[in-house]
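Below are the chains, spelled out letter by letter.
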Amino acid sequence: MKDFGVLGSGISGSTIAKLLSNKFSLEVFEKAKGVGGRASNRRYIKNLSFDHGAQYIHSKNKKFNKFISFLVNKKVLKKWSGNHLNSSFNKEKKKIKYIGIKGNNNISKFLLKKIKKNYSSKIININFNSSFWSITLQDGSQLSFKNLILTCPFPQAKDLANKYLDKNIRNLRVNMQPNITVMLAYNGNENISVSSFRFDDKMLGWAANENSKKR
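For every chain, the first residue of the written sequence is number 1, and numbering continues from 1 along that sequence. For this predicted model, a pLDDT threshold of at least 70 governs which residues receive local features, and a threshold of 80 or more governs which side-chain atom pairs are given and counted, while totals over whole chains, interfaces and linings are taken from all residues. To obtain the side-chain values, all non-hydrogen atoms of the structure were used and water was disregarded.

1. Here's the deal with the overall build of the protein
Rules: In DSSP terms, a helix is any run of H or I states spanning at least four residues, a strand is any run of E spanning at least two, and both are numbered starting from the N terminus. Exposure is judged per residue with a 1.4 Å probe applied to protein chains only, and the accessible area is read against the type maximum: over 50% gives exposed, under 20% gives buried, and values in between give partly exposed. Any two residues whose heavy atoms approach within 4.5 Å at even a single point are treated as in contact. Here the positive residues are Lys and Arg and the negative ones are Asp and Glu; neither His nor the chain ends is included. Positions of charges follow a simple convention, taking NZ of Lys, CZ of Arg, CG of Asp or CD of Glu.
Helix and strand content of the protein: 5 helices and 13 strands. Projected onto its principal axes, the C-alpha positions of the protein cover 60 × 40 × 35 Å. Put simply, the protein has 215 residues, and 33% of those count as buried. For the protein, contacts bridging at least 24 residues in sequence account for 61% of all contacts bridging at least 6. Of the charged side chains in the protein, 40 are positive and 12 negative, and the gap between their average positions amounts to 8 Å.

What follows is the structure in C-alpha coordinates.
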(Lines give C-alpha, C1' and ligand atoms only; values in the text may rest on other atoms or scores of the structure.)
Protein backbone atom coordinates (compact mmCIF):
# COMPACT_ATOMS: atom_id res chain seq x y z
CA MET A 1 0.00 0.00 0.00
CA LYS A 2 1.42 3.38 -1.01
CA ASP A 3 1.60 6.34 1.33
CA PHE A 4 -0.35 8.88 -0.74
CA GLY A 5 -2.93 9.08 -3.48
CA VAL A 6 -3.12 12.53 -5.09
CA LEU A 7 -6.32 13.35 -6.98
CA GLY A 8 -5.69 15.93 -9.70
CA SER A 9 -2.63 16.76 -11.81
CA GLY A 10 -2.94 20.54 -12.06
CA ILE A 11 -0.19 22.83 -10.79
CA SER A 12 -1.22 22.36 -7.14
CA GLY A 13 -1.49 18.56 -7.37
CA SER A 14 1.76 18.30 -9.31
CA THR A 15 3.64 20.49 -6.84
CA ILE A 16 2.34 18.56 -3.84
CA ALA A 17 3.15 15.23 -5.49
CA LYS A 18 6.69 16.36 -6.34
CA LEU A 19 7.36 17.50 -2.76
CA LEU A 20 5.97 14.30 -1.24
CA SER A 21 7.84 12.03 -3.66
CA ASN A 22 11.12 12.94 -1.96
CA LYS A 23 10.11 10.93 1.12
CA PHE A 24 6.96 8.94 0.34
CA SER A 25 5.49 6.52 -2.19
CA LEU A 26 2.53 7.86 -4.17
CA GLU A 27 0.40 7.86 -7.32
CA VAL A 28 -1.42 10.67 -9.11
CA PHE A 29 -4.90 10.27 -10.60
CA GLU A 30 -6.23 12.47 -13.40
CA LYS A 31 -9.66 12.15 -15.03
CA ALA A 32 -8.46 13.81 -18.25
CA LYS A 33 -6.21 12.28 -20.92
CA GLY A 34 -3.18 14.25 -19.78
CA VAL A 35 -1.77 16.34 -16.96
CA GLY A 36 -2.29 20.04 -16.37
CA GLY A 37 -5.76 20.44 -14.91
CA ARG A 38 -6.83 24.03 -15.51
CA ALA A 39 -3.52 24.77 -17.18
CA SER A 40 -4.01 22.30 -20.03
CA ASN A 41 -2.88 22.35 -23.63
CA ARG A 42 -4.71 20.69 -26.51
CA ARG A 43 -2.93 19.47 -29.62
CA TYR A 44 -4.61 20.47 -32.89
CA ILE A 45 -2.37 19.10 -35.66
CA LYS A 46 1.39 18.51 -35.79
CA ASN A 47 3.01 21.42 -33.94
CA LEU A 48 -0.19 23.44 -33.54
CA SER A 49 -1.78 23.50 -30.09
CA PHE A 50 -3.93 25.69 -27.85
CA ASP A 51 -3.73 26.58 -24.18
CA HIS A 52 -7.37 26.21 -23.19
CA GLY A 53 -7.14 26.95 -19.48
CA ALA A 54 -4.69 29.31 -17.81
CA GLN A 55 -3.12 31.48 -20.51
CA TYR A 56 -0.03 32.57 -18.60
CA ILE A 57 1.59 32.70 -15.17
CA HIS A 58 2.54 35.89 -13.34
CA SER A 59 4.47 36.11 -10.09
CA LYS A 60 3.46 38.43 -7.26
CA ASN A 61 5.93 37.36 -4.57
CA LYS A 62 9.63 36.60 -4.25
CA LYS A 63 9.25 32.94 -3.37
CA PHE A 64 7.12 32.15 -6.42
CA ASN A 65 9.36 34.30 -8.60
CA LYS A 66 12.28 32.13 -7.52
CA PHE A 67 10.31 29.04 -8.55
CA ILE A 68 9.54 30.60 -11.96
CA SER A 69 13.23 31.47 -12.46
CA PHE A 70 14.09 27.85 -11.74
CA LEU A 71 11.58 26.67 -14.36
CA VAL A 72 12.89 29.18 -16.89
CA ASN A 73 16.44 27.88 -16.35
CA LYS A 74 15.17 24.34 -16.83
CA LYS A 75 13.55 25.42 -20.14
CA VAL A 76 10.07 24.62 -18.83
CA LEU A 77 8.81 28.22 -19.02
CA LYS A 78 9.66 31.29 -21.09
CA LYS A 79 8.53 34.92 -21.25
CA TRP A 80 5.52 35.72 -23.43
CA SER A 81 6.39 39.06 -24.95
CA GLY A 82 4.21 40.95 -27.41
CA ASN A 83 1.35 43.40 -27.59
CA HIS A 84 -1.04 42.68 -24.70
CA LEU A 85 -4.05 45.01 -24.71
CA ASN A 86 -6.86 45.82 -22.31
CA SER A 87 -10.45 46.67 -23.25
CA SER A 88 -9.45 50.27 -23.96
CA PHE A 89 -6.90 49.08 -26.53
CA ASN A 90 -4.09 50.27 -24.28
CA LYS A 91 -1.15 48.09 -23.29
CA GLU A 92 -1.78 46.28 -20.02
CA LYS A 93 0.16 47.40 -16.99
CA LYS A 94 3.69 46.16 -17.12
CA LYS A 95 3.92 42.63 -15.79
CA ILE A 96 5.90 39.70 -17.08
CA LYS A 97 3.81 36.84 -18.48
CA TYR A 98 5.34 33.36 -18.45
CA ILE A 99 4.16 30.44 -20.59
CA GLY A 100 5.21 26.83 -21.10
CA ILE A 101 7.80 26.21 -23.80
CA LYS A 102 5.48 23.68 -25.50
CA GLY A 103 2.25 24.28 -23.59
CA ASN A 104 1.04 25.59 -20.25
CA ASN A 105 0.87 22.04 -18.91
CA ASN A 106 4.68 21.99 -19.07
CA ILE A 107 4.91 22.69 -15.33
CA SER A 108 2.87 19.61 -14.44
CA LYS A 109 4.75 17.48 -16.96
CA PHE A 110 8.08 18.58 -15.49
CA LEU A 111 7.10 18.07 -11.85
CA LEU A 112 5.49 14.67 -12.48
CA LYS A 113 8.20 13.34 -14.78
CA LYS A 114 9.28 10.51 -12.46
CA ILE A 115 5.95 9.98 -10.68
CA LYS A 116 3.39 7.32 -11.55
CA LYS A 117 0.37 8.91 -13.21
CA ASN A 118 -3.02 7.44 -14.02
CA TYR A 119 -4.84 9.15 -16.90
CA SER A 120 -8.56 8.90 -17.75
CA SER A 121 -8.99 7.79 -14.13
CA LYS A 122 -12.08 9.44 -12.75
CA ILE A 123 -12.65 8.73 -9.04
CA ILE A 124 -16.31 8.09 -8.27
CA ASN A 125 -16.04 7.18 -4.58
CA ILE A 126 -13.65 7.38 -1.64
CA ASN A 127 -13.98 5.53 1.64
CA PHE A 128 -12.02 5.46 4.90
CA ASN A 129 -11.56 2.02 6.45
CA SER A 130 -10.31 2.71 10.00
CA SER A 131 -6.63 2.91 8.98
CA PHE A 132 -6.52 3.52 5.22
CA TRP A 133 -8.40 5.08 2.32
CA SER A 134 -9.87 3.20 -0.61
CA ILE A 135 -10.76 4.84 -3.91
CA THR A 136 -13.10 3.48 -6.57
CA LEU A 137 -12.46 4.37 -10.20
CA GLN A 138 -15.11 4.71 -12.89
CA ASP A 139 -14.14 1.32 -14.34
CA GLY A 140 -14.91 -0.30 -10.97
CA SER A 141 -11.32 -0.97 -9.90
CA GLN A 142 -10.27 -0.11 -6.36
CA LEU A 143 -6.98 1.01 -4.82
CA SER A 144 -5.90 1.74 -1.25
CA PHE A 145 -3.66 4.42 0.24
CA LYS A 146 -2.62 5.50 3.71
CA ASN A 147 -3.50 9.11 2.88
CA LEU A 148 -5.49 10.98 0.22
CA ILE A 149 -5.01 14.52 -1.08
CA LEU A 150 -7.78 16.08 -3.18
CA THR A 151 -6.71 18.97 -5.41
CA CYS A 152 -9.80 18.97 -7.62
CA PRO A 153 -12.19 21.99 -7.66
CA PHE A 154 -14.19 22.48 -4.46
CA PRO A 155 -17.58 21.22 -5.79
CA GLN A 156 -15.96 17.96 -6.92
CA ALA A 157 -13.99 17.54 -3.71
CA LYS A 158 -17.15 18.20 -1.70
CA ASP A 159 -19.10 15.53 -3.60
CA LEU A 160 -16.37 12.95 -3.08
CA ALA A 161 -15.49 13.69 0.55
CA ASN A 162 -18.75 15.13 1.88
CA LYS A 163 -19.19 12.68 4.76
CA TYR A 164 -15.61 13.27 5.95
CA LEU A 165 -15.64 17.06 5.87
CA ASP A 166 -16.14 19.34 8.83
CA LYS A 167 -19.56 21.01 8.84
CA ASN A 168 -18.02 24.46 8.43
CA ILE A 169 -16.28 23.31 5.25
CA ARG A 170 -19.38 21.60 3.89
CA ASN A 171 -21.35 24.82 4.34
CA LEU A 172 -18.87 26.98 2.47
CA ARG A 173 -20.35 28.73 -0.54
CA VAL A 174 -17.71 28.56 -3.23
CA ASN A 175 -19.03 30.01 -6.47
CA MET A 176 -17.24 28.46 -9.44
CA GLN A 177 -18.45 29.45 -12.89
CA PRO A 178 -17.80 27.34 -15.99
CA ASN A 179 -15.02 28.41 -18.32
CA ILE A 180 -15.81 27.83 -21.99
CA THR A 181 -12.91 28.09 -24.43
CA VAL A 182 -13.23 28.45 -28.20
CA MET A 183 -10.11 27.34 -30.11
CA LEU A 184 -10.07 28.82 -33.61
CA ALA A 185 -7.57 27.89 -36.35
CA TYR A 186 -7.56 29.24 -39.89
CA ASN A 187 -5.54 28.84 -43.09
CA GLY A 188 -3.13 31.59 -43.98
CA ASN A 189 -0.03 33.30 -42.68
CA GLU A 190 -1.44 36.66 -41.71
CA ASN A 191 0.61 38.40 -39.05
CA ILE A 192 -1.66 39.56 -36.22
CA SER A 193 0.03 42.31 -34.22
CA VAL A 194 -1.93 41.67 -31.00
CA SER A 195 -0.76 38.94 -28.60
CA SER A 196 -3.76 39.09 -26.27
CA PHE A 197 -6.85 41.16 -25.59
CA ARG A 198 -8.82 41.49 -22.36
CA PHE A 199 -12.55 42.18 -22.84
CA ASP A 200 -14.73 44.29 -20.56
CA ASP A 201 -17.69 41.97 -20.92
CA LYS A 202 -19.73 39.67 -18.66
CA MET A 203 -19.41 36.73 -21.05
CA LEU A 204 -16.23 37.24 -23.03
CA GLY A 205 -13.12 37.38 -20.90
CA TRP A 206 -9.98 36.93 -22.90
CA ALA A 207 -8.59 36.38 -26.40
CA ALA A 208 -5.10 35.06 -27.02
CA ASN A 209 -3.13 34.82 -30.25
CA GLU A 210 -1.49 31.42 -29.88
CA ASN A 211 0.95 32.11 -32.73
CA SER A 212 2.39 34.99 -30.72
CA LYS A 213 3.61 32.42 -28.17
CA LYS A 214 6.09 31.28 -30.85
CA ARG A 215 6.05 27.58 -30.17
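2. Comments concerning the pairing of strand 4 (residues 48–51)
Rules: In this description, strands pair whenever DSSP reports at least two bridges between them.
Taken together, the 4 bridges between strand 3 (residues 41–45) and strand 4 define a ladder with antiparallel strand orientation. When the sheet's bridge partners are listed, Arg-43 is paired in strand 4 with Ser-49. Counting the residues between successive antiparallel strands, the hairpin from strand 3 to strand 4 contains 2 residues, one of them, Lys-46, with a positive phi of roughly 45 degrees.

3. Some points on the pairing of strand 9 (residues 123–128)
Across a regular strand the side chains alternate sides, sitting on one face of the sheet and then on the other. Pairing geometry for strand 9 and strand 10 (residues 133–137), over 5 bridges, is antiparallel. Within the sheet, the bridge partner assigned to Asn-127 lies in strand 10 and is Ser-134. From the end of strand 9 to the start of strand 10, which pair antiparallel, there are 4 residues, and Ser-130 there has a positive phi angle of about 65 degrees.

4. Remarks on the nonpolar core
Note that soluble globular proteins tend to have their nonpolar side chains buried in a common cluster. The following threshold applies: Nine residue types can take part in a nonpolar core, namely buried Ala, Val, Leu, Ile, Met, Phe, Trp, Tyr and Cys, and a core is a set of them joined through side-chain atoms within 4.5 Å.
Core analysis: the biggest nonpolar cluster contains 11 residues, these being Leu-7, Phe-29, Ile-123, Ile-126, Trp-133, Ile-135, Leu-137, Phe-145, Leu-148, Leu-160 and Ala-161. Counting only elements with at least two residues in this core, the list comes to strand 9, strand 10, strand 11 (142–150) and helix 4 (154–161). When residues of this core are assigned to their parent elements, the largest contribution, 3 residues, is made by strand 10. Setting aside residues no more than four positions away along its own chain, Leu-7 makes contact with Phe-29, Ile-123, Leu-148, Ile-149, Leu-150, Thr-151, Cys-152 and Leu-160. With 9 residues, the next largest nonpolar core counts Leu-20, Leu-26, Val-28 and Val-35 among its residues.

5. With respect to the environment of Phe-70
With respect to the helices, strands and loops of the structure, Phe-70 is situated in helix 2 (residues 62–73). Looking at Phe-70, the relative accessible area reads 38%, which means it is partly exposed. Taking the C-alpha atoms as reference points, Phe-70 and Phe-154, separated by 84 residues in sequence, lie 30 Å from one another.

6. Re the side chain of Ser-212
Defined as follows: Any N or O atom pair separated by 3.5 Å or less is treated as a polar contact, with the protein-specific requirement of one donor-capable and one acceptor-capable atom, and with residues adjacent in sequence counted only for side-chain atom pairs.
Of note, Ser-212 is situated in the segment after strand 13 (206–208). The exposure class of Ser-212 is buried, given its relative accessible area of 15%. Reaching out from Ser-212, the side chain makes a polar contact with the side chain of Trp-80 at a distance of 3.1 Å. Those residues in contact with Ser-212 that sit more than four places away from it in its chain are Trp-80, Ser-81 and Ser-195.

7. Quick notes on the side chain of Ser-49
By the element assignment, Ser-49 lies in strand 4. On the basis of relative accessible area, Ser-49 is assigned to the buried category, the value being 12%. Side chain to side chain, Ser-49 and Asn-41 meet in a polar contact 3.1 Å long. Ser-49 has contacts with Asn-41, Arg-42, Arg-43, Tyr-44, Lys-102 and Glu-210, leaving out every residue within four places of it along the chain.

8. A word on the environment of Ala-17
Assignment of secondary structure puts Ala-17 in helix 1 (residues 11–20). Here Ala-17 falls in the buried class, since its relative accessible area comes to 0%. In sequence terms Ala-17 and Ala-39 are 22 residues apart; their C-alpha atoms lie 17 Å from each other.

9. What about helix 4?
Selection criterion: Relevant arc is that of directions from the helix axis to the C-beta atoms, nothing else.
Within the span of helix 4, buried status applies to Ala-157, Leu-160 and Ala-161. Relative to the axis of helix 4, the buried residues are bounded by an arc of 80 degrees and lie together on one face. Contacts from the buried residues of helix 4 go to strand 1 (2–7), strand 9 and strand 11.

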